[in-house]
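Listed here are the chains, written in short residue letters.
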Amino acid sequence: MHQRHDFNESLGKLKSWEKTPNGLVAKLKNAYLAVTIYDESIFRIQISRFPIEPNHSYAVIRPPVLEDFVMEENEQFLNLETNLIQLQIDRSPVRLSFYNKEGALLNADDPAFGTSWLGTEVTTYKSLQEGERFIGLGEKTGNLDRRGEAYENWNTDHFAYPTNGDPLYLSTPFYMGVHSDLAYGIFFDNTFRSRFNFGASNNRFSYFSAEDGDMNYYFIHAPSVSEIIQSYTWLTGRMALPPKWSLGLQQCRYSYYPDKEVIRIAETFREKEIPADVIYLDIHYMDAYKAFSWDNKRFPDPKSMIDHLKSIGFHVAIIVDPGIKKEGGYHPHDSGVDQDVFVKYPDKSYYTGNVWPGVCYFPDYTKPSTRKWWGTLFVDYVKDGLEGFWNDMNEPASWGQCTPNLLEFDYDGEKGSHRKARNVYGMQMARSTQEGVKELMGENRPFVLTRSGYSGIQRYAAVWTGDNVATDEHMLLGTRLVNSLGLTGVAYSGYDVGGFCGEASASLFARWLSIGAFSPFFRCHSMINSLSAEPWTFGEEVTDISRNYVNLRYRLLPYLYSHFYLSHLTGLPISRSLAIDYTHDENIYNKIFQNQYFFGDAIMVVPLPAEQNIAKVYLPKGIWYDLYTDRYYKGGQEVFIEAPPRRLPLFVRGSAIIPMQSLVQNVAEKPNDVLEMHWYAGDTDHTFVYYEDDGTSYEYQKGEYYRRDIYYVANDSRLLISPNEGIRNSHFKNIRLFLHGFGRQPGVKINNHNTSVKITSYRFINPVPKFDPFESFDTFHDQITYLPYVDLEWMDGKIELEIL
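Given the structure is predicted, the values throughout are model-derived calculations rather than measurements.

Points about the overall build of the protein
- When its secondary structure is counted, the protein shows 11 helices and 53 strands.
- Projecting the C-alpha coordinates of the protein onto the three principal axes gives extents of approximately 90 × 70 × 50 Å.
- Across the protein, the mean location of the 78 positive side-chain charges is 1 Å away from that of the 101 negative side-chain charges.

Some thoughts on the confidence of the model for the protein
- With 98% of its residues at a pLDDT of 70 or more, the protein shows a mean pLDDT of 96.
- Of the regions scoring below 50 in pLDDT, residues 771–781 engages in 14 contacts with residues more than four places distant in sequence or in other chains.

Details of helix H1 (residues 225–236)
- End to end, H1 covers 16 Å across 12 residues, agreeing with the expected 16 Å (1.5 Å per residue, within 8%).
- For H1, every residue scored as buried is listed here: Val 225, Ser 226, Ile 228, Ile 229, Ser 231, Tyr 232, Thr 233, Trp 234, Leu 235 and Thr 236.

Points about the packing of helix H2 (residues 259–272) against helix H3 (residues 302–311)
- Closest axis-to-axis distance for the H2/H3 pair is 11 Å, and the angle between their directions is 5°. Considered as vectors, H2 and H3 are oriented roughly parallel to each other. Touching Asp 259, Val 262, Ile 263, Ala 266 and Glu 267 of H2 are Met 305, His 308 and Leu 309, all from H3.
- Residue composition of the contact of H2 with H3, grouped by class: 5 nonpolar, 1 polar and 2 charged.

Topic: the sheet that holds strand E24 (residues 324–325)
- Strand order in the open sheet made by the 3 strands is E24-E26-E25, with antiparallel pairing throughout. Of all the strands in the sheet, the pair left with one neighbour each is E24 and strand E25 (353–355).

Thoughts on the side chain of Gln 428
- Positionally, Gln 428 belongs in helix H7 (residues 418–441).
- A relative accessible area of 0% places Gln 428 in the buried class.
- Apart from the residues lying within four places of it in its own chain, the contact partners of Gln 428 are Tyr 58, Tyr 365 and Arg 371.

Reading the values: the criteria
- Residues numbered from 1 in each chain as written.
- Predicted model: local features only at pLDDT ≥ 70, side-chain atom pairs only at ≥ 80, totals over all residues.
- Heavy atoms only, no water.
- Helix = DSSP H or I, 4+ residues; strand = E, 2+ residues; numbered from the N terminus.
- Lys, Arg positive; Asp, Glu negative; His and termini not counted.
- Charge placed at Lys NZ, Arg CZ, Asp CG, Glu CD.
- pLDDT = per-residue confidence, 0-100.
- Contact = heavy atoms within 4.5 Å.
- Expected span 1.5 Å × (residues − 1).
- Buried < 20%, exposed > 50% of the residue type's maximum accessible area, 1.4 Å probe, protein only.
- Axes fitted to C-alpha atoms, helices over the stretch in contact; angles between N-to-C directions.
- Parallel < 35°, antiparallel > 145°, perpendicular 65-115°, else oblique.
- Nonpolar A, V, L, I, M, F, W, Y, C, P; charged D, E, K, R; others polar.
- Pairing = 2+ DSSP bridges.

Written out as structure tokens, the structure is:
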């Protein structure tokens, strides 16, 4: 008779081992161990009660590439070493310790417990290092530093979640530990329900665990957090370049209908001259909420509506949920039954759950044939001209929120229950959508948005943070969620500006939209049965503030699209926690300053509550400029800044290069042929990668792009612009180069020729007169400055500028 037990069972001692081309395999007293070196910065650790065999990962897309490593042994240890990491394996009991190449301890198993089991639950306990902080883990509430907190990964439809709610919609089980001027990352690739404890309720260890499956984690180390993120995204993939129009303002409501209302909203954006590019259709566009259908009364001619919206510069995105109504004669139902794509119980009967359409079947997206079938269902949508596809309710969600765990999934041939498949369900739905519409749309890039996902979701979709609430606390939490997603490889993410649940006040909406303009994904959204929440519905002042910050985002499109390109290449986020560049500066973890972040590599955003008119700002080491006034600040200090509703505090880092364009009302509209370039004096060298392509197709993969690397050499005050790398010509013909921090009228040489310098007044945003009824345009000092500039031709060859 099998004896049940509920006590901790650890690994025991090393009994035997064998070297492999990329590491080793070993037999332990109570388990099996495999170490696989993927490259010099990544070690995979697998620990199982059974002999280790190849397994399927939805997250990892790279095979091991490194075979050149050093291996040594003695009576106490085995050691494996690359140029960046030393792994020491204690023989008895088996414990793992990771060091950098200089021998400094990065991370070590708890000496007593290491990796062990409680029943089927597998856990790795790690010793807490002195002063250790923890960052990342993706869509998790709480502070930037997660020390003292615990979290669970179990994708959940968490409507109106509290600001300390957990779990939420998406799981990216990757975090970074930082201490002693060192950093490392751990990616725990186990899709069962998992937990991460960073010293909550104990002072002895941190740990990560899963309720079943094997211990399977990747240890990553590089000299900086930035390089660790690049290694992690090398492993799990990076985002494809999205269509450029998706970088514009996106407007949504639950729901806009009928078609005349959709058109009215779009046309009002044009009348109010607030730039926008996307409008959404929520579930009311469908016939009785059935996916892949239209309500013929509300939308009698969807193609004509979509064509009209395109004619005024709007793209249309529609919501698509996974639940397929159980209804004979309904094509997705009938074809799904015919092709055996739906999730079943172990007795092979179909699982049904209730969602918006009623009783529904649910596709098994972990089955390759299901993914193919799902993609074909979008054919009529694409023929109608739709280009945006919004996957919602894909945790999966159903009424009752308790999907039976015994449901069976294909898991790409490995087979598994709902316990194993739930956390990847939304990711595989987004994958099915992206692969299907990409094939149907030919040369045009689709935009796919998802609520749920798993590590690697960045390869298939953008992410938004679900059903947030119209409060200051949620507004600030949203910035931390997006920054944390960026730390875990999800570069394209955002939140519902204004809050989905509840109703924002005018001041809250104004502040939220100004912050949202500096989010990678920029969408306003609001709940059914709530007041209208378009910018103009909050009054003239809010309309003017909204227009100002949307205008600024559209003028920043050359800067923003270049950063999307960089994220596509490197995996680095667009919305960047200060922990990336100032990892070991304790001030950035202070709760007062933890919401500050970089938008791109140059612009520091300081979010603050709607009614707070004075901001306490921390400026890290370096040189800083107030974006609006060009006022110079030395870093390493706290400053107080006026922050009325019209003015979100924004700072520019010294040595920055920020390209901008003339204002357009949508991304497809062509700006004039002058590229503004803002060059800020600094004390460190800097490189900016400038990038253009057609913004819609895949021709960039064939070299049809325009790329120039711009180098700032601080000691010599020189700017070097490389020749174009691609075969595309730039849209711009000339540059107006604005000089910040180089004096009122510096001498400038361009390619060794003296060049005349002029001075002009300049504004990044316009005044909002109703906030300042007694203040004239000329004395609006906090948002106007006088800048020296030079004009030059945007020639194809190398350009060198020197400040004399």
